[in-house]
Amino acid sequence: MSDLPTLPITFRPGSTRAVLLSAAVAILVVITAVAMLLKQLSPAERLSFILTALLLDAVLLLLARPKVVADESGVTVVNLTNKRRLEWAEILQVTLRPGDPWVFLNLSDGTSLPALGIQPGIARQRAIADARALRALAEARSVADPERPQG
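Residues numbered from 1 in each chain as written. Predicted model: local features only at pLDDT ≥ 70, side-chain atom pairs only at ≥ 80, totals over all residues. Heavy atoms only, no water.

Colleague: What is the right way to read the sheet that holds strand S5 (residues 91-95) from this model?
Modeller: Sheet strands pair by backbone hydrogen bonding; their relative direction is either parallel or antiparallel. Here we have 3 strands laid out as an open sheet, ordered S5-S6-S7, and antiparallel in their pairing. Of all strands in the sheet, those with a lone pairing partner are S5 and strand S7 (112-115), marking the two edges. Going across the sheet, the axis of each strand differs from the next one's by a mean of 25°, ignoring polarity. (Pairing = 2+ DSSP bridges. Helix = DSSP H or I, 4+ residues; strand = E, 2+ residues; numbered from the N terminus. Axes fitted to C-alpha atoms, helices over the stretch in contact; angles between N-to-C directions.)

Colleague: Got a minute to help me understand the pattern of salt bridges in this structure?
Modeller: Note on pairing: side chains with opposite charge can pair once their charged atoms come close. Considering all chains together, one arrives at 5 salt bridges under this definition. Across the salt bridge formed by Arg97 and Asp100, the nearest N and O atoms sit 3.4 Å from each other. Arg126 is paired through a salt bridge with Asp130; the nearest N and O atoms lie 3.3 Å apart. Of the two residues, Arg126 and Asp130 both sit in helix H3 (residues 124-144), 4 residues apart, roughly one turn of that helix. (Salt bridge = Lys/Arg side-chain N within 4 Å of Asp/Glu carboxyl O.)

Colleague: What's the story with the nonpolar core in this structure? I'm lost.
Modeller: As a rule of thumb, soluble globular proteins bury nonpolar side chains together. With 26 residues, the main nonpolar core has Val75, Trp88, Ile91, Val103, Leu105, Ile118 and Leu134 as its most contacted residues. Elements supplying a minimum of two residues to this core: strand S2 (67-71), strand S3 (74-78), S5, strand S6 (103-107), S7 and H3. Here the element with the most residues in this core is H3; it accounts for 8 residues. (Core = buried A, V, L, I, M, F, W, Y, C linked by side-chain atoms within 4.5 Å. Buried < 20%, exposed > 50% of the residue type's maximum accessible area, 1.4 Å probe, protein only.)

Colleague: Looking at this structure, how should I read a nonpolar patch on the surface?
Modeller: Together, Val25, Val29, Val30 and Val34 make up an exposed nonpolar region whose accessible area comes to about 330 Å². Mapped onto the elements, Val29 comes out in helix H1 (residues 14-37). (Patch = residues over 30% accessible without salt bridge, like charges linked within 9 Å, V, L, I, M, F, W, Y side chains within 5 Å. Areas by Shrake-Rupley, 256 points an atom, 1.4 Å probe, with all protein chains shown as cover.)

Colleague: For this particular structure, what's the right way to read the sheet that holds S2?
Modeller: The strand order across the open sheet built from 4 strands is S1-S2-S3-S4, with neighbouring strands paired in antiparallel fashion. Since the sheet does not close on itself, it has two edges, and those belong to strand S1 (9-11) and strand S4 (83-87), each with one partner. On average, adjacent strands in this sheet sit at an angle of 15° to one another, irrespective of strand direction. In this structure, S3 lies alongside S4, joined through 5 bridges in antiparallel fashion. Its bridge partner lying in S4, Val78 is registered against Lys83.

Rendered as structure tokens:
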């Protein structure tokens, strides 16, 4: 177990997040500058430009939200619009097959939960390493769970 990551640990698509956040800043700056530089625009039209930029930024920030947080008691999966807390015993398998857009967690209730916080989009090798680390943690914790006292 010495090769297991130290808990708590957060997995998130760092490169993708950096691109999305940079794009959000650039969009806000450029659209606001254009709105201010176009002299023929009324104040309401300028405001609509800025509100449009803020709306685009909100979408980009939503896309940058996913993460997977593992701690001693379980895993929290934060996807675009939802957040789910799982106990280690609920996670049967962590998979990232070739061609998958992100990691999937196969759960004890028979369902599969996408974990968008680990995705091989821009940083494929990092996502593979993160998926392996989460898989190792899940396997180690699920073996340890039956030995834990209930209460």
